[in-house]
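Working through the structure, step by step
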Number of protein chains: 2
Amino acid sequence: MLKKIKIGIAGYGNLARGAESAIAQQKDMVLTSVFTRRDPDSIRTGTEGVTVLTMDALTKEKQMLDVLLLCGGSAFDLPEQTPLYAAHYNVVDSFDTHARIPEHFQTVDTAAKSAGKCALISCGWDPGLFSLNRLYASSILPDGADYTFWGKGVSQGHSDAIRRIRGVKDARQYTVPQERALDLARSGAEPMLTTREKHVRECFVVVTKESDTAEEKQRIEQEIKTMPNYFAEYDTTVTFITQEEMDRDHAGMPHGGSVIRTGATGRDRAHRHVIEYSLKLDSNPEFTGSVLVAYARAIARLNEEGKSGAMTVFDIAPAYLSPLSPEEMRAHLL
Amino acid sequence: MLKKIKIGIAGYGNLARGAESAIAQQKDMVLTSVFTRRDPDSIRTGTEGVTVLTMDALTKEKQMLDVLLLCGGSAFDLPEQTPLYAAHYNVVDSFDTHARIPEHFQTVDTAAKSAGKCALISCGWDPGLFSLNRLYASSILPDGADYTFWGKGVSQGHSDAIRRIRGVKDARQYTVPQERALDLARSGAEPMLTTREKHVRECFVVVTKESDTAEEKQRIEQEIKTMPNYFAEYDTTVTFITQEEMDRDHAGMPHGGSVIRTGATGRDRAHRHVIEYSLKLDSNPEFTGSVLVAYARAIARLNEEGKSGAMTVFDIAPAYLSPLSPEEMRAHLL
């Protein structure tokens, strides 16, 4: 009988639940335990037979896990959690604060190496699958230009920023790529595209009863559109809706995007090529969870081979992600 | 100073010239020699300072090469050449006879292992980049369906098949994906698509003077459309043109295509996801050559690390393809 890969999940938010449902789809894996900062009795997992423990249990005693998926946030959780738990377990995180990746890699690498464990950081789709495509495409077409577009999708950070405005009861922000910019990127003309040209931001806002006046709405719209770093640099639309409309039409967490590289080859750059990788996702957390889970398989195998230390998706040969044997892959996927 | 990777090319057809122009774009590589079955004096390379030698020179004396790119055909050249030269050099080939890949892998693996060399087989875009995307996508979304579409692009094999018909002077065949099938594949409905539904075949034909009659053209069109394995299973169009039109409008070698995987996640498969990888190539041989060259970098590095044996793109971590350092990759591409 197949020895299943034992997975633990730290945190139990949207991403964790996405990973949980992804594990259920993989025949060679089993979710054994969930670790939470909340009262374990308050958590009802979607999978039968899963133990729910406090986060402390991870360091107090040795849990029987092949890989621990760290499903916390990049701002506060992962900078502490990943090095801490990499000193005990093989781990996978989705750390996505681009500017701090080099520093995060170093602290995690030190912890994982001294424990003989493998730690994959910054997994998911961006960073993650999009990064892979930037790497492959720029290695193959060194003379060219890269474009990354996000959306149409919900930005949690931007939605939160709107919710902090006085008079806002609920908000949802969609990042939407500009069709014209996508076409220009794909043209191979290697255009310089500004932030404003690449994406628009669509905001759907529910106001409190007290702010349900034309004047108040005008103020809120103005505050959104002029918010530096979040909206001021973009063409932003604000649409006021009711809570019922919000719940009915904006409950999902879709996302996606495209990585495009265009490049030229041959004499006088005579020939143009376009490589495009795109995602259209109904559920961002379920898809991201699915990526983490496929890479958990890779991490379990790499550690079994004796590898240790911090890694990124760049360091992992694709074959490690698949449940198929090398012979099956060559016969059916190559 | 950077020690450049020394590349040799065996064969000097379209793919070889594509690889030659790709090497010129890579700062860490140099093309040192071309090996040919023709008279070396008859070859004029596009790069200065390249030695042209007969194929025999590869086995008669040890050539100073880090990697040899095998640019022959899959039908007759590579089944012999790859195992032969893998016993002396690190090699990369573009073997694309899918049914014979397992057998080819074995013979090449034996030769390369005993010589302590690395041999990458079936590199290019399909097999190659498309295979990678089939592997990544099916590992991440195990519950789903795969679709590969080719074109719009020139099929050399199909063009040749038309040229063998009596009365045909020249021919060019384009494989064109059906828009309707592409849309269905992308819909996430996981349709079963027949060969006829997925692609059409557009043929442009120049007839000889003797066959330039309505009757003869009707016979040729009929012979094309009923040719088993090549055209009978497809909706095929035949357009008769003049040699001038052929030379003016059909001299390029464009190609491309899409690998699409759709899959479902979550409770009751509630959420659908679409992963699409697509290529639009002005020059098939120049792009394929560019892929071979990026992988030549990987093969040189892997052999330097002590690896040997046959490999496919599945076995190679993406980082090996890039000229950037791990730190640069994490800072700029992740």
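Please refer to the structure placed before this passage.
This is a predicted model, so every value here is computed, not measured.

Thresholds applied
Residues numbered from 1 in each chain as written. Chains lettered and ligands numbered in written order. Predicted model: local features only at pLDDT ≥ 70, side-chain atom pairs only at ≥ 80, totals over all residues. Heavy atoms only, no water. Helix = DSSP H or I, 4+ residues; strand = E, 2+ residues; numbered from the N terminus. Rg over C-alpha atoms; globule rule 2.2 N^0.38 Å. Buried < 20%, exposed > 50% of the residue type's maximum accessible area, 1.4 Å probe, protein only. Areas by Shrake-Rupley, 256 points an atom, 1.4 Å probe, with all protein chains shown as cover. Lys, Arg positive; Asp, Glu negative; His and termini not counted. Charge placed at Lys NZ, Arg CZ, Asp CG, Glu CD. Least-squares fit on C-alpha atoms with pLDDT ≥ 70 in both. Pairing = 2+ DSSP bridges. Contact = heavy atoms within 4.5 Å. Axes fitted to C-alpha atoms, helices over the stretch in contact; angles between N-to-C directions. Phe/Tyr/Trp six-rings, centres within 6.5 Å; stacked < 30°, edge-to-face > 60°. Buried area = accessible area lost by both parts, 1.4 Å probe. Nonpolar A, V, L, I, M, F, W, Y, C, P; charged D, E, K, R; others polar. Disulfide = S-S within 2.5 Å. Polar contact = N/O pair within 3.5 Å; in protein donor to acceptor, adjacent residues only side chain to side chain. Expected span 1.5 Å × (residues − 1). Arc of directions from axis to C-beta.

**With respect to the overall build of chain A**
- Helices and strands together make up the secondary structure of chain A, namely 12 helices and 14 strands.
- At 22 Å, chain A has a C-alpha radius of gyration in line with the 20 Å of a compact globule built from 334 residues.
- In terms of overall dimensions, chain A has a C-alpha envelope of 65 × 65 × 35 Å along the principal axes.
- Looking at chain A as a whole, 59% of its 334 residues qualify as buried.
- Looking at chain A as shown, the accessible area adds up to about 14600 Å², and 50% of this sits on carbon and sulfur atoms.
- Here chain A contributes 39 positive and 45 negative side-chain charges, whose respective centroids are spaced 2 Å apart.

**Some points on the relation of the copies chain B and chain A**
- The two copies are related by a screw motion: chain B maps onto chain A through a turn of 180 degrees and a shift of 0.0 Å along the axis, at an RMSD of 0.1 Å. Within this description, the copies of the chain are treated as partners about a two-fold rotation axis. Taking C-alpha positions as reference, the residue of chain B nearest the rotation axis is alanine 317 of chain B, located at 1.8 Å.

**As for the sheet that holds strand β9 (residues 168–177) of chain A**
Residue and element names in this part refer to chain A.
- In spatial order, the strands read β8-β9-β10-β11; together these 4 strands make up an open sheet with mixed pairing. The two strands at the open ends of the sheet, each matched to only one other strand, are β8 (153–154) and β11 (235–240).
- Here strand β10 (residues 199–207) runs beside β11; their pairing, made up of 6 bridges, is parallel. The residue of β11 that forms the bridge with glutamate 202 is threonine 237.
- Set on the sheet, helix α6 (residues 156–163) makes contact with β8, β9 and β10; between it and β9 the angle comes to about 145 degrees.
- Against the sheet, helix α9 (residues 214–225) makes contact with β9, β10 and β11, and its axis sits at roughly 150 degrees relative to β11, the strand it touches most.

**Considerations on the packing of aromatic side chains**
Residues and elements named next belong to chain A.
- Under the counting rule described, the total for this entry stands at 8 aromatic pairs over all chains.
- Judged by centre distance (6.1 Å) and plane angle (85 degrees), the ring pair of phenylalanine 130 and tyrosine 277 falls under edge-to-face. In this pair, phenylalanine 130 sits in helix α5 (residues 129–140) while tyrosine 277 sits in strand β13 (residues 271–281), placing the two residues 147 residues apart along the sequence.
- Residue classification places phenylalanine 130 among the buried residues on the basis of a relative accessible area of 0%.
- Residue tyrosine 277 is classed as buried on the basis of its relative accessible area of 4%.
- Through a chain of ring-to-ring contacts, three or more aromatic side chains come together here, namely Trp125, Phe130 and Tyr277.

**Topic: the interface of chain B and chain A**
- With 60 residues of chain B at the contact, the number on the chain A side is 59 residues.
- Between chain B and chain A lies a buried interface of about 5400 Å² when both sides are counted; carbon and sulfur atoms form 63% of it.
- Area buried by chain B at its contact with chain A is led by Ile140, Arg330 and Leu334 of chain B, which between them contribute 15% of it.
- Mapped by element, the contributors of at least two residues to the side of chain B that touches chain A are α4 (101–115), α5 (129–140), β12 (255–265), β13 (271–281), α11 (284–304) and α12 (326–332) of chain B.
- Considering each element in turn, the side of chain B that touches chain A owes the most residues, 11 residues, to β13 of chain B.
- Looking at the side of chain B that touches chain A residue by residue, the class counts come to 31 nonpolar, 18 polar and 11 charged.
- Taken together, the 9 bridges between β13 of chain A and β13 of chain B define a ladder with antiparallel strand orientation. Among the inter-strand pairings, isoleucine 275 of chain A is bridged to a residue of β13 of chain B, identified as leucine 279 of chain B.

**Thoughts on the environment of valine 168 of chain A**
Residue and element names in this part refer to chain A.
- Along the chain, valine 168 falls in strand β9.
- For valine 168, a relative accessible area of 10% translates into the label buried.
- Along the sequence, valine 168 and threonine 208 sit 40 residues apart, while their C-alpha atoms lie 5.9 Å from each other.
- Among all residues touching valine 168, those that are not within four sequence positions of it are Ile162, Arg163, Val205, Val206, Thr208 and Ile220.

**Digging into the state of the cysteines**
All names here are of chain A.
- The final tally for this structure, using the stated rule, is 0 disulfides over all chains.
- Free cysteine: cysteine 71, not disulfide-bonded; nearest cysteine sulfur from cysteine 123 at 11 Å.
- In this model cysteine 118 remains outside any disulfide bridge; the closest cysteine sulfur is found in cysteine 123, 13 Å from its own.
- Its relative accessible area of 0% is what places cysteine 118 among the buried residues.

**Looking at the environment of serine 138 of chain B**
- Looking at where serine 138 of chain B falls in the secondary structure, it is placed in helix α5.
- Each C-alpha atom, one on serine 138 of chain B and one on isoleucine 275 of chain B, is 9.8 Å from the other, the two residues being 137 residues apart in sequence.
- Beyond its immediate stretch of four places on either side in the chain, serine 138 of chain B contacts Leu333 of chain A together with Asp146 and Arg261 of chain B.
- Of note is the side chain of serine 138 of chain B, whose polar atom sits 2.8 Å from the backbone oxygen of arginine 134 of chain B.
- In terms of polar contacts, serine 138 of chain B uses its side chain to reach the backbone carbonyl oxygen of leucine 135 of chain B, at 3.4 Å.

**As for helix α9 (residues 214–225) of chain B**
All names here are of chain B.
- For α9, built from 12 residues, the straight-helix expectation of 16 Å at 1.5 Å per residue is met to within 8% by its first-to-last C-alpha distance of 16 Å.
- Turning to α9, its buried residues number three or more, namely Glu216, Arg219, Ile220 and Ile224. Take α9 and look down its axis: the buried residues cluster within an arc of 135 degrees, on one side only. What points out from α9, more than 90 degrees from its buried face, is the exposed set Ala214, Glu215 and Gln218.
- Packed against the buried residues of α9 are α6 (156–163), β9 (168–177), β10 (199–207) and β11 (235–240).

**Brief notes about unusual backbone geometry**
Residues and elements named next belong to chain A.
- Of the consecutive residues glycine 151 and lysine 152, the connecting peptide bond is found in the cis state with omega at 0 degrees.
- As for its position among the elements, lysine 152 is in the loop between β7 (144–150) and β8.
- For serine 122, which is not glycine, the phi torsion reads 60 degrees and is therefore positive.
- Residue position: serine 122 is located in the loop between β6 (118–120) and α5.
- Backbone geometry places glutamate 190, a non-glycine residue, at a positive phi of 55 degrees.
- Relative to the helices and strands, glutamate 190 is located in the loop between α7 (179–186) and α8 (195–198).

Without other data, these values stay purely geometric and don't point to any function.
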